[in-house]
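A look at the structure
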Amino acid sequence: MRPLSFKITSDHFLLWVLLSLLWGVTGSVTASPTTATTQTAQSTTLSTIKPSPENVKKVEVQGRNETSITLTWSPVNNISTYILQYNKNGSSKKENISASQAEVKHEVSSLNAGTKYHFTLVTVFEGVNSTGYTFTAVTAPENVKKVEVQGRNETSITLTWSPVNNISTYILQYNKNGSSKKENISASQAEVKHEVSSLNAGTKYHFTLVTVFEGVNSTGYTFTAVTAPENVKKVEVQGRNETSITLTWSPVNNISTYILQYNKNGSSKKENISASQAEVKHEVSSLNAGTKYHFTLVTVFEGVNSTGYTFTAVTVPPKVPFVNVSERSVTSITLKWINVDRNWSYLLQINGSDVADIKNVSSDVVSHSVTSLNPGTMYKYSVTTVFEELNSTAYENVTVTAIDCASVAWHVGNSSIKGIVEGLFSNATASNGSQTHVSFGGNNVSFTGLYPGATYEVSLMYETYQQCRHNLTILPPGLTAHCEYWAAGYSIRIVWNKPVGMWTDVEVNVTGKPKKIPNTVQYIVIPGFLPARTYEVSLASFSGTVRSSEPFVFKCSTDPRGVIAGSVLAVLLFCVLVFLAIFILFIRPDLISRKRTFISGCELVTKKCSAISVDMFAAHFHQLSMDDNRGFSVEYESLIPVGTEQTQKVAVLPENKPKNRFNNVLPYDWCRVKLTTSDSSESSDYINANYMPGYNSNREYIATQGPLPSTVNDFWRMIWEQTVGGVVMVTNCTEGGRTKCERYWPANSTPCLYGNLLVTMTSEQQDPNWTLRDFNVKHRNTSEQRTVKHFHFTSWPDHGVPQCTEVLMQFRGLVRRHIERERTGAPTVVHCSAGVGRTGTIIALDVLLQQLEKKGEVDINGFVHKMRLNRPHMVQTESQYVFLHQCIMDILQPDEKTDEHIYENTDMIYVNATALQEFRYNSNP
Ligand SMILES: *[C@@H]1O[C@H](CO)[C@@H](O)[C@H](O)[C@H]1NC(C)=O
Ligand SMILES: *[C@@H]1O[C@H](CO)[C@@H](O)[C@H](O)[C@H]1NC(C)=O
Ligand SMILES: *[C@@H]1O[C@H](CO)[C@@H](O)[C@H](O)[C@H]1NC(C)=O
Ligand SMILES: *[C@@H]1O[C@H](CO)[C@@H](O)[C@H](O)[C@H]1NC(C)=O
Ligand SMILES: *[C@@H]1O[C@H](CO)[C@@H](O)[C@H](O)[C@H]1NC(C)=O
Ligand SMILES: *[C@@H]1O[C@H](CO)[C@@H](O)[C@H](O)[C@H]1NC(C)=O
Ligand SMILES: *[C@@H]1O[C@H](CO)[C@@H](O)[C@H](O)[C@H]1NC(C)=O
């Protein structure tokens with residue numbers, strides 16, 4: 001309120017103006033009774049001046065947000081007009097407010113956020129302004145636009161945001177463990193960065209960030225952020241094998257998402273695992289065997305990874321695929337296998353106990369020798385791959401150590417090798433390059449029927465391993481020899497036969513002067529002797545350094561003729577001698593060169609040899625037996641090459657080889673018996689059998705081997721197909737503990753089926769020397785029936801010939817009568833074991849006796865020759881050849897018993913020991 005003062009002057013005009021003004025004021029004051037009273041009480045001139053209204057006492061901010069402020073105040077003396085003035089964005093704003101209530105409320109809007117405004121509120125009365133009440137008020141600040149998580153770990157989160165309008169005060173609120181936390185933040189930089197620490201791992205926090213401006217809060221920016229989860233405490237390998245590892249762990253705070261990382265073959269693998277149970281179980285598969293893997297297991301919470309728990313785990317190493325026994329000796333074996341990974345080691349066990357722990361092998365192949373083993377023993381070995389203390393499955397196998405053949409006490413005979421071999425082997429063979437013999441006697445190795453003088457490689461095999469081999473030379477064949485007059489008794493000429501077998505030299509020893517003669521020559525002339533003397537000569541054959549078992553010793557007389565002529569009558573007969581000498585030398589030189597010994601007519605050209613008539617036979621026999629049976633030897637040896645040039649191709653075909661009982665007794669192709677092969681199930685037409693000539697035709701007999709277990713059916717097939725009515729068997733099934741022939745007929749009256757043939761034994765009649773049987777043979781398909789007679793000669797002794805020729809000839813008589821009775825023309829089957837020795841003898845006997853009866857003559861040599869063209873070795877030994885002669889002799893001179901002693905004590909007659917042994921051996925088949 002401005003005070004009014006008045007000064008009265010002399011200037012009357014000015015005074016008038018003032019007075020008229022005063023008038024006007026007092027006139028208007030009358031409209032307002034309250035002031036008028038006070039003015040009029042003082043003076044009439046003062047009543048015309050209007051006073052200014054009061055300002056409001058106080059203005060309050062009732063509410064605000066980012067764009068508006070609501071103000072309230074109590075009106076002054078019921079004055080209802082106000083003017084509110086403020087600046088916005090540099091320009092002055094004026095708002096007229098008329099208030100009617102007791103409380104004025106005014107909202108200032110369209111303001112800027114977070115801004116301090118200076119207001120002036122002017123009270124207006126009667127057009128008069130109050131002085132103006134000035135105050136300030138602020139709008140609410142804005143929230144931050146965005147908060148970012150700049151970093152985090154298990155206990156802290158680092159937040160950043162851009163400050164709002166350079167506002168530097170913020171309040172961050174969140175809950176932790178149930179209680180509310182508030183953090184005041186003052187920011188000075190362009191970028192606010194704040195770390196919230198002491199948080200719990202793997203937890204989601206709800207944050208509110210409030211911007212504070214002049215003590216006024218923004219509405220608050222809410223966001224969430226999570227701390228990094230913890231790693232798992234421990235991972236355990238629950239199971240594993242060569243390709244997979246099964247891991248287990250306890251989940252972290254029920255977190256169900258995990259990432260497992262590892263490297264495989266150079267590339268990184270990542271597996272996402274979601275776990276729902278209390279125990280997480282995860283199998284990592286398709287791994288490599290025996291490998292160490294480095295794993296990282298990351299716990300994932302709300303997309304945030306833990307730091308990762310790292311661990312290693314290994315797969316089981318693989319089983320060694322193959323172990324090769326590369327060397328086997330008598331006391332050691334060497335094992336070899338591939339070393340795939342040099343980090344692996346190997347455990348070797350022999351017979352279940354550890355022998356080697358093989359580590360740090362730097363090569364690609366592991367080679368290990370086990371020593372101090374026993375010879376010929378089976379050992380079980382196992383190899384286990386070991387990696388990081390994990391064992392693979394063991395590779396297990398067995399092997400055997402070698403045997404030292406050379407140290408075996410071999411007994412080498414004329415045709416056999418025997419020895420007891422300690423140690424394990426499955427097969428023993430003796431081979432001379434062309435023939436291989438097999439021993440079936442277990443550790444008693446025995447090879448028989450070997451070729452004299454030949455060198456055999458004895459080989460022991462365990463399955464496919466060769467246990468050992470050793471060369472042994474069979475004793476060379478024995479010799480027979482005789483001497484001849486030479487050089488009027490001043491020299492001797494010794495001639496020996498060509499023995500059956502191999503020999504390299506013959507050592508001739510006459511009175512202590514041994515000489516060796518190579519096998520290209522069969523005689524020697526030794527000078528320096530006196531006529532009409534007797535010298536002892538000893539001959540031994542050699543095969544290399546091996547000497548025949550016994551030398552052939554005989555007495556040799558020098559020519560006595562010169563001595564007789566030359567002593568007393570020397571002078572008297574001088575002229576005669578001269579004459580004779582001239583005569584002998586020039587006209588009859590043959591008189592001195594003629595051999596004293598027998599020269600058979602058959603020796604030169606056997607085929608043209610004439611039969612010996614009954615009258616001449618005894619003389620013939622004696623002639624042959626002279627000189628230690630030299631004539632028999634010469635005749636018999638002349639038969640050795642007969643027929644041998646013929647082919648035996650079918651017999652040696654691989655599929656037929658097992659059908660032969662002996663691999664050196666094979667039928668000639670041209671006259672072998674062929675089985676019919678119309679039945680498609682029968683692949684081969686082969687059987688070890690030949691047609692044999694008889695007295696009337698060329699196919700009177702079939703000579704065959706004793707059936708093998710595998711050829712019994714073929715044997716009966718042959719009997720059926722050839723319509724055979726008689727079978728002659730001249731062997732026992734076993735002799736001396738050896739199987740000679742399979743029993744191919746039923747043991748009793750129970751019928752047996754052999755292939756398609758049902759065989760029933762209808763009768764059996766046993767005699768001391770033979771057994772006769774009748775078989776009924778019925779074909780299964782056609783039901784056709786036939787009878788077959790079985791002549792079984794049982795008393796051909798184990799090592800010899802029948803006690804006397806008479807028994808065998810009686811037996812032959814039974815057979816012959818049966819053939820005459822039947823008269824079918826079908827061949828008669830004859831067999832022993834090989835089907836050549838006894839078989840040849842009985843066939844020859846049958847034919848020769850017919851020749852004797854019908855023609856009064858026999859041709860033994862001629863018929864054996866003929867048989868040998870059909871089947872090799874027919875009449876297999878010289879003794880069997882002699883036996884045939886003896887049979888004829890006994891027929892012709894039934895009362896003369898002297899010669900029977902030949903067979904009772906053969907040693908006395910057959911000086912040639914080798915021939916005798918051969919006789920004994922060969923009489924077995
Ligand atoms: C501020 O408040 C006024 C009145 O209360 C309202 O009309 C306006 O929409 C509000 N502004 C914001 C940004 O909330
Ligand atoms: C009262 O104040 C307003 C705003 O400032 C102005 O426009 C007006 O002229 C004033 N009146 C008087 C009589 O001074
Ligand atoms: C988390 O990070 C903060 C700062 O970055 C550090 O101080 C703290 O030790 C860390 N905590 C862990 C558990 O690593
Ligand atoms: C602003 O917010 C904080 C935190 O909630 C609170 O303590 C304070 O009282 C608030 N200030 C105003 C003026 O509302
Ligand atoms: C390894 O184990 C897994 C499951 O345990 C199986 O599926 C797999 O066949 C096994 N592999 C071998 C090589 O045994
Ligand atoms: C978590 O780890 C996995 C595997 O390493 C990776 O692929 C992913 O990007 C990580 N996530 C984060 C948020 O780091
Ligand atoms: C591996 O084999 C050896 C020998 O048999 C044995 O002593 C060891 O305990 C085995 N190791 C394991 C993990 O089976």
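Right, let's walk through the structure included here. What you see is a predicted model, and the numbers here were worked out from it, not measured in a lab.

Some words on the overall build of the protein
Counting its regular elements, the protein contains 14 helices and 59 strands. Within the span of the protein, comprising 925 residues, buried residues form 47% of the whole. Across the protein, every contact between residues at least 6 apart in sequence was considered, and the portion connecting residues at least 24 apart equals 61%. Per element, the accessible surface of the protein, about 46900 Å² overall, is 51% carbon and sulfur.

Examining the packing of helix α8 (residues 805–822) against helix α9 (residues 837–855)
In the contact formed by α8 and α9, the axes pass within 10 Å of each other and the chain directions differ by 80°. Considering their axes alone, α8 and α9 lie roughly perpendicular with respect to each other. Contact residues: Leu808, Met809, Phe811, Arg812 and Arg816 in α8; Ile842, Leu845, Asp846, Leu849, Gln850 and Glu853 in α9. A class-by-class count of the residues in the contact of α8 with α9 yields six nonpolar, one polar and four charged.

Some details on the site of ligand 1
Taken together, Asn65, Thr67, Ser68 and Glu107 make up all the residues around ligand 1. Separating a nitrogen atom of ligand 1 from a side-chain N or O atom of Thr67 is a distance of 3.3 Å. If ligand 1 stood free it would expose 370 Å²; the protein chains cover 37% of that surface. Class assignment of the residues belonging to the shell around ligand 1 gives a composition of no nonpolar, three polar and one charged.

Focus on a nonpolar patch on the surface
Taken together, Tyr451, Val500, Met502 and Ile640 make up a surface patch of nonpolar side chains, about 330 Å² in accessible area. Relative to the helices and strands, Tyr451 is located in the loop between β37 (444–447) and β38 (455–462).

Thoughts on the sheet that holds strand β34 (residues 417–420)
The strand order across the open sheet formed by three strands is β33-β34-β37, and the pairing between neighbours is antiparallel. The strands lining the two open edges of the sheet, one partner per strand, are β33 (411–412) and β37.

Here's the deal with the pairing of strand β51 (residues 726–729)
The two faces of β51 match: Gly726 and Val728 on one face and Val727 and Met729 on the other face are all buried. Relative to strand β57 (residues 785–793), β51 runs parallel, the two sharing four bridges. Bridged to Gly726 within β57 is Lys789. Bridging between β51 and strand β58 (residues 828–831) involves three bridges; their strand directions are parallel.

Things to note about the pattern of salt bridges
Within the structure shown, the criterion is met by 27 salt bridges. Across the pair Asp714 and Arg717 runs a salt bridge whose closest N-O atoms are separated by 3.3 Å. With Asp714 and Arg717 both in helix α7 (residues 712–721) and three residues apart, this pair spans about one turn of that helix. Comparing Asp714 with Arg717, the two get one shared label, buried. A salt bridge links Asp846 to Arg816; the nearest nitrogen and oxygen atoms lie 2.7 Å apart. You can see Asp846 sitting in helix α9 and its partner Arg816 sitting in helix α8, a full 30 residues away along the chain. A relative accessible area of 4% means that Asp846 is categorised as buried. Look at the salt bridges and you will find they share partners, linking Arg812, Arg816, Glu820, Arg823, Asp846 and Glu853 into a network.

Details of the nonpolar core
Residues Phe811, Ile843 and Met867 are the most contacted members of the largest nonpolar core, which totals 50 residues. Elements supplying a minimum of two residues to this core: α6 (614–638), β50 (701–704), β56 (770–779), β57, α8, α9, α10 (860–870) and α11 (878–892). Tallying contributions element by element places α9 first for this core, with eight residues. Each residue touching Phe811, except ones within four places of it in the same chain, is listed here: Val728, Val730, Trp770, Phe791, His792, Phe793 and Ile842. Counting residues in each nonpolar core, the second largest holds 27 residues, with Val673, Ile702, Ile719 and Cys741 among its members.

Regarding the state of the cysteines
Scanning the entire structure with this criterion turns up two disulfides. Residue pairing for Cys405: its cysteine sulfur links by disulfide to Cys468, the two sulfurs lying 1.9 Å apart. Between Cys405 and Cys468, the disulfide has an S-S torsion of 55° and is therefore right-handed. Residue Cys405 is found in the loop between β32 (395–400) and β33, and its partner Cys468 is found in strand β39 (residues 465–473); the two are separated by 63 residues along the sequence. No difference in accessibility class separates Cys405 from Cys468, as the two residues are buried.

Things to note about the sheet that holds strand β26 (residues 333–338)
The strand order across the open sheet formed by three strands is β25-β26-β29, and the pairing between neighbours is antiparallel. Each edge of the open sheet carries a strand with a single partner, namely β25 (324–328) and β29 (365–370). Sheet twist, expressed as the average angle between the axes of neighbouring strands with direction ignored, equals 20°. As defined by bridge partners, β25 adjoins β26 across four bridges and the pair is classed as antiparallel. Across the sheet, residue Arg328 finds its bridge partner in β26, namely Ile333.

Looking at empty space enclosed by the protein
Within this structure, the stated rule accounts for five cavities of 30 Å³ or more. Space inside the largest cavity adds up to approximately 80 Å³. Among the elements that make up the lining of the largest cavity, the one with the highest residue count is α9 (three residues). Classifying every residue of the lining of the largest cavity gives six nonpolar, one polar and two charged.

Digging into the site of ligand 2
The full set of residues close to ligand 2 is Lys94, Gly127 and Asn129. Alone, ligand 2 offers 360 Å² of accessible surface; in the complex the protein occludes 39% of this.

Some details on α10
By the criterion of burial, α10 is predominantly enclosed, with nine of the 11 residues buried. All of the buried residues along α10 are Ile860, Asn861, Gly862, Phe863, Val864, His865, Met867, Arg868 and Asn870. Those residues of α10 that are buried lie in contact with α6, β49 (689–692), α9, β59 (857–858) and α11. Capping the start of α10 is the job of one residue whose side-chain oxygen sits 2.9 Å from the backbone nitrogen of Gly862: Asp859.

Conventions we followed
Residues numbered from 1 in each chain as written. Chains lettered and ligands numbered in written order. Predicted model: local features only at pLDDT ≥ 70, side-chain atom pairs only at ≥ 80, totals over all residues. Heavy atoms only, no water. Helix = DSSP H or I, 4+ residues; strand = E, 2+ residues; numbered from the N terminus. Buried < 20%, exposed > 50% of the residue type's maximum accessible area, 1.4 Å probe, protein only. Contact = heavy atoms within 4.5 Å. Areas by Shrake-Rupley, 256 points an atom, 1.4 Å probe, with all protein chains shown as cover. Axes fitted to C-alpha atoms, helices over the stretch in contact; angles between N-to-C directions. Parallel < 35°, antiparallel > 145°, perpendicular 65-115°, else oblique. Nonpolar A, V, L, I, M, F, W, Y, C, P; charged D, E, K, R; others polar. Near = heavy atom within 4 Å. Polar contact = N/O pair within 3.5 Å; in protein donor to acceptor, adjacent residues only side chain to side chain. Patch = residues over 30% accessible without salt bridge, like charges linked within 9 Å, V, L, I, M, F, W, Y side chains within 5 Å. Salt bridge = Lys/Arg side-chain N within 4 Å of Asp/Glu carboxyl O. Pairing = 2+ DSSP bridges. Core = buried A, V, L, I, M, F, W, Y, C linked by side-chain atoms within 4.5 Å. Disulfide = S-S within 2.5 Å. 1 Å grid on protein atoms, 1.4 Å probe; cavity = no way out; pocket = protein on both sides within 12 Å on 5 of 7 lines; lining within 4 Å. Points joined across faces, edges and corners; volume = space filled by probe spheres on them.

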